[in-house]
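Residue-level listing of the chains:
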Amino acid sequence: MWVFMPLTFAGKLISFLRQPLSFLWSSLDSLCLWLRITFWLARTKRDQLQQDKKKAEDSIEEEEENLDVPTIIPISVNYHFTRQCNYKCGFCFHTAKTSFVMPLEEVKRGLLMLKEAGMEKINFSGGEPFLPDRGDYLGKMVKFCKEELCLPSVSIVSNGSLIRKKWFKDYGNYLDILAISCDSFNEDVNALIGRGQGKKGHVENLKKLRQWCRDYRVAFKINSVINRFNVEEDMNEQIKALNPIRWKVFQCLIIEGENAGEDALREAERFVISDDEFETFLERHKDVSCLVPESNKKMKDSYLILDEYMRFLNCQNGRKDPSKSILDVGIEEAIKFSGFDEKMFLRRGGKYKWSKADLKLDW
Ligand code: SF4
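Cut-offs applied
- Residues numbered from 1 in each chain as written.
- Predicted model: local features only at pLDDT ≥ 70, side-chain atom pairs only at ≥ 80, totals over all residues.
- Heavy atoms only, no water.
- Buried < 20%, exposed > 50% of the residue type's maximum accessible area, 1.4 Å probe, protein only.
- Helix = DSSP H or I, 4+ residues; strand = E, 2+ residues; numbered from the N terminus.
- Pairing = 2+ DSSP bridges.
- Right-handed = clockwise from strand over helix to strand, strands pointing away.
- Core = buried A, V, L, I, M, F, W, Y, C linked by side-chain atoms within 4.5 Å.
- Contact = heavy atoms within 4.5 Å.

### Brief notes about the pairing of strand S3 (residues 153-158)
Burial analysis of S3 places 6 of its 6 residues in the buried class, which makes it a mostly covered element. Where burial is concerned, the two faces of S3 agree: the one with Ser153, Ser155 and Val157 and the one with Val154, Ile156 and Ser158 are both buried. Of the pairings in the sheet, the one linking strand S2 (residues 121-125) to S3 comprises 4 bridges and is parallel in character. Bridge pairing in S3 places Lys121 opposite Ser153. A crossover links S2 with its parallel partner S3, the connecting element being helix H3 (residues 136-148), and its sense is right-handed. Inspection of the sheet shows S3 paired to strand S4 (residues 177-181) by 4 bridges, in the parallel sense. Following the sheet pairing, Ser155 is matched in S4 by Ile177. For the handedness criterion, the β-α-β arrangement of S3, helix H4 (residues 165-171) and S4 is classed as right-handed.

### Comments concerning the nonpolar core
Judged by nonpolar contacts, the single largest core of 72 residues is most densely connected at Tyr79, Leu111, Phe124, Leu178 and Trp247. Here this core gets 6 residues from one element, more than from any other, and that element is H3. Apart from residues lying up to four places away in sequence, Phe124 is in contact with Tyr79, Phe81, Pro129, Leu138, Met141, Val142, Cys145, Val154, Ser155, Ile156 and Val157. In terms of nonpolar packing, the next biggest core, distinct from the first, is built from 17 residues, Cys89, Val189, Ile193 and Leu253 among them.

Laid out in structure tokens, this is it:
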């Protein structure tokens, strides 16, 4: 009987405590649920606060970045309004990928927008700019830019083969500078490069154009691309005799999609020269005072290039990636994608006396 007494007592104690224990248990359960909900709410709130904080930091960073990017003013614009050309230079870096030429009235609208955004100099280039409408299309743009937009400088880069004397008579007055491309004074080398058309002599034509520039008071410039076929040449004598205001000497440049790569219309790899070879060429011509050298590094991003659709072309990635057209989104929006390196533009002497009125030439 003494053995069963504690068991009886324990049984009574359990039955006495059952109710409060089950109440306590159910309270603990509710407490746990409440704690879980509270923690969950606290965590959600903390995550939300962290997200808001990150968003605020990102937007401050974005604002700071925007403050860091100065608005680019299109002081000097190179407008490649056509890609068509009558030459077949093996290293050409603006090839005939389209035949599009914009209606003149649309072009004038774009040129006016550029002027209002700060353009002081325009250079018309191609392709061959004298090809559309036998040079009349170009002449009308040149006249518009000088007479109506009053631009301090209007220039053209051409291979020179299609320029007629009548063009100078009609439009020479509105043109500040004519740059003619000439890579060699040896016609066999020009033929190897692809600069030439049949039996027409590129060098003889160059001399004729030099004289017309004198006659019609247009400043004369020469552009040469130094490549595998002319890198050994000595051009001192001929350049000095022609006496251009500037002799731009470029190192042959590879541009993916233009003169290299699968979609390209040219394979310029065999024209490429090293930096040292380029330097040796420059050294050989150091006595030519008008020589302005442009290595690949200086050249790549220091030009503000507009294509035939009036889109800025960005060369930062070694290709020509287009922005949207300035006619669709405006200058400020399109120019953000131009990849233009203004500092390099100034360092390479991009801003110079570019108006024939300031050049005070002894014609
Ligand atoms: S003349 Fe100029 S545009 Fe024409 S093929 Fe030669 S480099 Fe290209």
